[in-house]
Amino acid sequence: MNILVCGAGAIGQLYGGYLALAGHQVGLLNSTGLMRSQAFQLEQLDGSQQRWQCTQLTTPADVILVTTKAYQVIPAVKQLLQQRRLNSPCILVLLHNGMGPAEQILPLLPAHCQLILASSRHGALRTAANNVKHTGIGQTDMGAAATNDDHLKALTQLFSSMPGDTFWHQNIWQPLWQKLLINAVINPLTARDQVANGNLLAPHYAAEISQLCSEGAAVARAAGITMQDDQLVEQVRQVAQATAANRSSMLQDVLHQRPTEIDYISGYLVQQAQTFKLPSAGHQALLTQIHQLAPSNG
Ligand SMILES: NC(=O)C1=CN([C@@H]2O[C@H](COP(=O)(O)OP(=O)(O)OC[C@H]3O[C@@H](n4cnc5c(N)ncnc54)[C@H](OP(=O)(O)O)[C@@H]3O)[C@@H](O)[C@H]2O)C=CC1
Ligand SMILES: CC(C)(CO)C(=O)C(=O)O
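Every chain's residues receive numbers from 1 upward, in the order its sequence appears when written. A letter from A marks each chain and a number from 1 marks each ligand, given out in the order of writing. Per-residue local features of the predicted model are confined to residues with pLDDT of at least 70, and side-chain atom pairs are confined, for both listing and counting, to 80 or more; whole-chain, interface and lining totals are unaffected and use all residues. Calculation of side-chain values draws on the structure's entire complement of heavy atoms; hydrogens and water are dropped beforehand.

- Taking an unreviewed UniProt entry as the reference, the protein is identified by name as 2-dehydropantoate 2-reductase belonging to Neiella holothuriorum.
- In its Pathway (unreviewed entry) section, the UniProt entry covering the protein states "Cofactor biosynthesis; (R)-pantothenate biosynthesis; (R)-pantoate from 3-methyl-2-oxobutanoate: step 2/2."
- UniProt positions are given in the numbering used here, feature names are shortened, and annotations may be inferred rather than shown by experiment. Regarding the protein, the relevant UniProt record gives this comment under Sequence similarities (unreviewed entry): "Belongs to the ketopantoate reductase family."

1. Structural notes on the site of ligand 1
Turning to step 1, where the next piece is worked out: Inspection of the region around ligand 1 gives 24 residues, with Ile 11, Gln 79, Asn 97, Ala 124 and Glu 261 positioned closest.
Turning to step 2, where the next piece is worked out: Here a polar contact means two N or O atoms within 3.5 Å. Within protein one must be a hydrogen donor candidate and the other an acceptor candidate, and residues neighboring in sequence count only if both atoms are side-chain atoms. The backbone of Ala 124 places a nitrogen or oxygen atom 2.8 Å from an oxygen atom of ligand 1.
Turning to step 3, where the next piece is worked out: The Shrake-Rupley method, run with a 1.4 Å probe sphere, supplies the accessible areas, and residue values consider only the shown protein chains as cover. In the complex, the protein chains occlude 77% of the 890 Å² of accessible area that ligand 1 would expose alone.
Turning to step 4, where the next piece is worked out: Elements with a contribution of two residues or more to the shell around ligand 1: α1 (10-21), β2 (25-30), α2 (70-82) and β9 (123-128).
Turning to step 5, where the next piece is worked out: At four residues, the largest contribution of residues to the shell around ligand 1 is made by α2. Whether a residue is near a molecule or strand depends on its heavy atoms: if one lies within 4 Å, it is near. In this description a helix means any DSSP run of H or I spanning at least four residues, a strand means any run of E spanning at least two, and both kinds are numbered starting from the N terminus.

2. Describing the environment of Gln 25
Turning to step 1, where the next piece is worked out: Tracing the backbone shows Gln 25 in strand β2.
Turning to step 2, where the next piece is worked out: With 28 residues separating them in the primary sequence, Gln 25 and Gln 53 have C-alpha atoms 8.9 Å apart.
Turning to step 3, where the next piece is worked out: Every residue pair with non-hydrogen atoms within 4.5 Å of one another is taken to be in contact. Look past the residues within four positions of Gln 25 in its chain and what remains in contact with it is Met 1, Asn 2, Ile 3, Thr 55 and Leu 57.
Turning to step 4, where the next piece is worked out: A distance of 3.5 Å separates a polar atom in the side chain of Gln 25 from a polar atom in the side chain of Thr 55.

3. Considerations on the sheet that holds β9
Turning to step 1, where the next piece is worked out: For two strands to be treated as a pair, DSSP must find at least two bridges joining them. Here we have four strands laid out as an open sheet, ordered β5-β4-β10-β9, and mixed in their pairing. On the outer flanks of this sheet lie β5 (49-54) and β9, each paired with one strand and no other. Along the sheet, successive strands turn relative to each other by an average axial angle of 25 degrees, direction set aside.
Turning to step 2, where the next piece is worked out: Where β9 lies against strand β10 (residues 131-136), five bridges are found, and the strand directions are antiparallel. The residue bridging Gly 123 from the neighbouring strand is Gly 136, located in β10.
Turning to step 3, where the next piece is worked out: Taken strand by strand, α1 contacts β4 (38-43), β5, β9 and β10, and its axis lies near 90 degrees from that of β5. Axis angles are defined between N-to-C directions and span 0 to 180 degrees, where every axis is a line fitted to C-alpha atoms and, for a helix, only to the segment in contact.

4. Re the site of ligand 2
Turning to step 1, where the next piece is worked out: The local shell around ligand 2 consists of Asn 97, Lys 179, Asn 183, Ile 186, Asn 187, Asn 197, Val 239, Ser 248 and Ser 249.
Turning to step 2, where the next piece is worked out: Contacts to ligand 2 include Asn 183, whose side-chain N or O atom sits 3.0 Å from an oxygen atom.
Turning to step 3, where the next piece is worked out: In this structure, an oxygen atom belonging to ligand 2 sits 2.6 Å away from a side-chain N or O atom of Ser 249.
Turning to step 4, where the next piece is worked out: Protein contacts shield 83% of the accessible area of ligand 2, which totals 280 Å² for the unbound molecule.
Turning to step 5, where the next piece is worked out: In terms of residue count, the dominant contributor to the shell around ligand 2 is helix α5 (residues 173-193) (four residues).
Turning to step 6, where the next piece is worked out: In this classification, the charged set is Asp, Glu, Lys and Arg, the nonpolar set is Ala, Val, Leu, Ile, Met, Phe, Trp, Tyr, Cys and Pro, and all remaining amino acids, among them Gly, are polar. In terms of residue class, the shell around ligand 2 is built from two nonpolar, six polar and one charged.

The structure is reproduced here in structure tokens:
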């Protein structure tokens, strides 16, 4: 298959690398255009190093995987449209944390492009421009944004050569919301207090986490998502425990003075709360605090 990865960062190189190693033609796009054919290195969890080559695709891509930060997705897709890369039938997959871009992108797409939304629980770290380290194996969740053609399920096969499972969801919004709600607690709290994820298990965070979870779960329920307050608290605790030593992506962005994805995590939640006329004071406070610590977009 011809696969174009738009966003040659940590996640783009991780997915692109595994796909190339499985025999697909993988082209890489960065913000300046298609990258020339060159070598990359993927370090697997066992420390083994695999070399792979990106290709300067000469025919249209069957699948385009957008792996930029959330705040880069809309400009990246507009660029794909301008560069006429969406002129032939293709599957466009958005893979990022946070929510919001899909709703804006759907109306821009030609009818022959199917929009798939995906969320990744893999961990990837870029150690040099063309080197990525696979730091944690996780699942990939995917599903169609609008239509639910059964043939799209076959897309999960594409990722079968990667370690970690890929799941197809009839309703992708459920796992996307679930991840959003967890990120909306762990990421801004760890970034604000500059602590590792596991510190959030300390008793002094319990009341704030409980408020954030009940606000978040109520908004999700209003959006048609199944989520109970105490179930969310438990999920947050499990993720904080499982990733105890990690610095969240938002904390890393704040420490490096890079833009954060806060507008697509807490910002999206607050916006949805306003739409449903529900309280979101806890999330609004975190949104303001993170805006004061780092820029929110590029
Ligand atoms: N890294 C991880 O372990 C995980 C990340 N995620 C999520 O995946 C998404 C990507 O994260 P990650 O890979 O870490 O981020 P990176 O910043 O490493 O990668 C994003 C890449 O997109 C490029 N880019 C920006 N704008 C464009 C454009 N218009 N066209 C083409 N490329 C563009 C960036 O280039 P430049 O820097 O030059 O702007 C950069 O190389 C985020 O939403 C993140 O939260 C999810 C799970 C785990
Ligand atoms: C799950 C968590 C919080 C792990 O650090 C994450 O997704 C992130 O850091 O963005």
